[in-house]
Amino acid sequence: MPGRRARGEGSIRKRQDGRWEGRYTAGRDDETGKLIYKSVLAKTQTECKRKLREVLENQLQALTMNFAEQIRDTPVESQKQTRTSSTVGEWLDTWFSLYIKPNVRKSTEVQYRYFIKGILEPRIGETELSKLTGLRLQKLYQELRENGKIRPQGNADPGLSPKTIRGIHTMLHNALGQAVKEGLILKNPTDDCRPPRVDRKEMKVIKPEQVGFYLQAAAARNVLPMFFLELTSGLRKGELLALLWSDLDAEKHSISVTKSVSRRDGVLEVSPPKTRHSIRTIIIPQQAVDLLVQEHSLHPNNPYMFPSPVTGEMYCPDTINHLHKKLLKDAGLEDCRFHDLRHTFATLALQNGVDVKTLSGILGHYSSGFTLDTYTHVTTKMQEEAAEKMGHFMEMKL
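Residues numbered from 1 in each chain as written. Predicted model: local features only at pLDDT ≥ 70, side-chain atom pairs only at ≥ 80, totals over all residues. Heavy atoms only, no water.

Student: So what's going on with the overall build of the chain? Residues and values would help.
Tutor: A tally of helices and strands in the chain yields 15 helices and eight strands. Here the chain, with 398 residues, has 40% of them falling under the buried criterion. Looking at the chain alone, contacts between residues at least 24 apart form 57% of all its contacts between residues at least 6 apart. (Helix = DSSP H or I, 4+ residues; strand = E, 2+ residues; numbered from the N terminus. Buried < 20%, exposed > 50% of the residue type's maximum accessible area, 1.4 Å probe, protein only. Contact = heavy atoms within 4.5 Å.)

Student: An account of the pairing of strand E7 (residues 267–271) is requested, with residue identities and associated values reported.
Tutor: Across five bridges, the pairing between strand E6 (residues 260–264) and E7 is antiparallel. Within E7, the residue paired with Ser262 across the bridge is Glu269. Between the end of E6 and the start of E7, which pair antiparallel, lie two residues, with Asp265 showing a positive phi angle near 55°. (Pairing = 2+ DSSP bridges.)

Student: Explain the pattern of salt bridges to me, using residue names and the numbers behind them.
Tutor: Throughout the structure, instances matching the rule amount to 19 salt bridges. Between Arg15 and Asp17 there is a salt bridge, with the nearest N and O atoms lying 3.1 Å from each other. On the basis of relative accessibility, which here comes to 26%, the residue Arg15 falls in the partly exposed class. A salt bridge links Lys117 to Asp93, with the shortest nitrogen-to-oxygen separation between them at 3.2 Å. Separated by 24 residues along the polypeptide, Lys117 in helix H4 (residues 106–124) and Asp93 in helix H3 (residues 88–100) bring together distant segments of the chain. (Salt bridge = Lys/Arg side-chain N within 4 Å of Asp/Glu carboxyl O.)

Student: I'd love a proper account of the packing of H3 against helix H6 (residues 162–181), names of residues and values included.
Tutor: Two quantities define a packed helix pair, namely the angle between the helix axes and the distance between the axes. It is the contact of H3 with H6, at a shortest axis distance of 10 Å, that shows an interaxial angle of 95°. Here H6 runs roughly perpendicular to H3, going by the angle between their axes. Here Trp91, Leu92, Trp95 and Tyr99 of H3 lie close against H6, whose contacting residues are Met171, Leu172, Asn174, Ala175, Leu176, Gln178 and Ala179. Grouping the amino acids of the contact of H3 with H6 by side-chain chemistry returns nine nonpolar, two polar and no charged. (Axes fitted to C-alpha atoms, helices over the stretch in contact; angles between N-to-C directions. Parallel < 35°, antiparallel > 145°, perpendicular 65-115°, else oblique. Nonpolar A, V, L, I, M, F, W, Y, C, P; charged D, E, K, R; others polar.)

Student: Mind laying out helix H5 (residues 134–147), listing which residues take part and the relevant values?
Tutor: Counted at 1.5 Å a residue, the expected span for H5 with its 14 residues is 20 Å, and the 20 Å between its end C-alpha atoms agrees. Turning to H5, its buried residues are Gly134, Leu137, Leu140, Tyr141 and Leu144. One side of H5 carries all its buried residues, which in axial view fall inside an arc of 115°. Opposite the packed face of H5, turned more than 90 degrees from it, sit the exposed residues Leu135, Lys139 and Glu146. The secondary structure elements touched by the buried residues of H5 are H4 and H6. (Expected span 1.5 Å × (residues − 1). Arc of directions from axis to C-beta.)

Student: Give me the lowdown on the packing of aromatic side chains, citing residues and values where you can.
Tutor: For the structure on display, the rule yields six aromatic pairs. Relative to Phe115, the ring of Tyr114 has its centre 5.9 Å away and its plane inclined at 45°; by these criteria the two rings are tilted. Owing to a relative accessible area of 24%, Tyr114 belongs among the partly exposed residues under this scheme. For Phe115, a relative accessible area of 3% puts it in the buried group. Cluster of aromatic residues (ring-pair linked, three or more members): Trp95, Tyr112, Tyr114 and Phe115. (Phe/Tyr/Trp six-rings, centres within 6.5 Å; stacked < 30°, edge-to-face > 60°.)

Here it is in structure tokens:
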């Protein structure tokens, strides 16, 4: 998305001589007004990121110290005026450059850049940081809910979804919380407002008696190994498609989940999984191992576990969505998302006696509590069944 490049924002590239170069802006030339670019060099990408981060952090520290000196040297009656010299847009640019871009996945970086450049800066970017209030943010959320889309199409709702607005609120809370730590503002205004409530999407699962029809449809289209593995592991779509043959340990019946694939601007991008909890090793059934070995025998020299029959590379996530829809239609089943296959696995696992902590680890959730909250409909029914069994047992003892 086009927009003004933030001061101090860095970029990293690999040079032809094999070294990594981190480039950043260090201000403007007083005479020409042109940006001044500087670079750091390193032998590895990790070292380059570290050097670049140190430079950018030093820039922020210098900016903060200069700001503090202005306040200290200004008469008391003028300090309130001095504190308003930084705008919301300027701080968001600085915060994004130093704390977000070097430390998050590409998808998060793209999303936050859209929030800042496309939504916040046009509306509150010129607001003085110290004058931003919870009331102003509450009005902003209402405005976004009613008419927040940049390019509304046709008769579609022109407002942003509660989930998107809540994501903006979370980002602002973190950015303004850092401003409090830096002494730029005294209080985080997001503490005084309430983002919209997000209604959880209805979870659909394939019923136990329907799973066979779905797998038969997958076998008829020669994609049984992929969808059998999905229904016996609950992998996220990007994790499933990014698997390499080397990720399988056939002897231990295990798969290492260390990466995920997504599509950005028409290009497939492989990155670490969703969270650090998503990097995991899971045990799969012997039947799944046998199917994977059989699948690999069809393309023994291809490194991908599930190569596209068209390109020989990874499947595009959109292609798998379309294929999933075809399998549902072939099997005569109700429409559901590919992600609901993950929910189907989790539901069947709980119903077949897998404990919540084990399931949480398989799914890559950050806590068992999150798993319980997500699948409360299953666990509630299991508790009811357990209570009924205990009631019958105790009644027999009377």
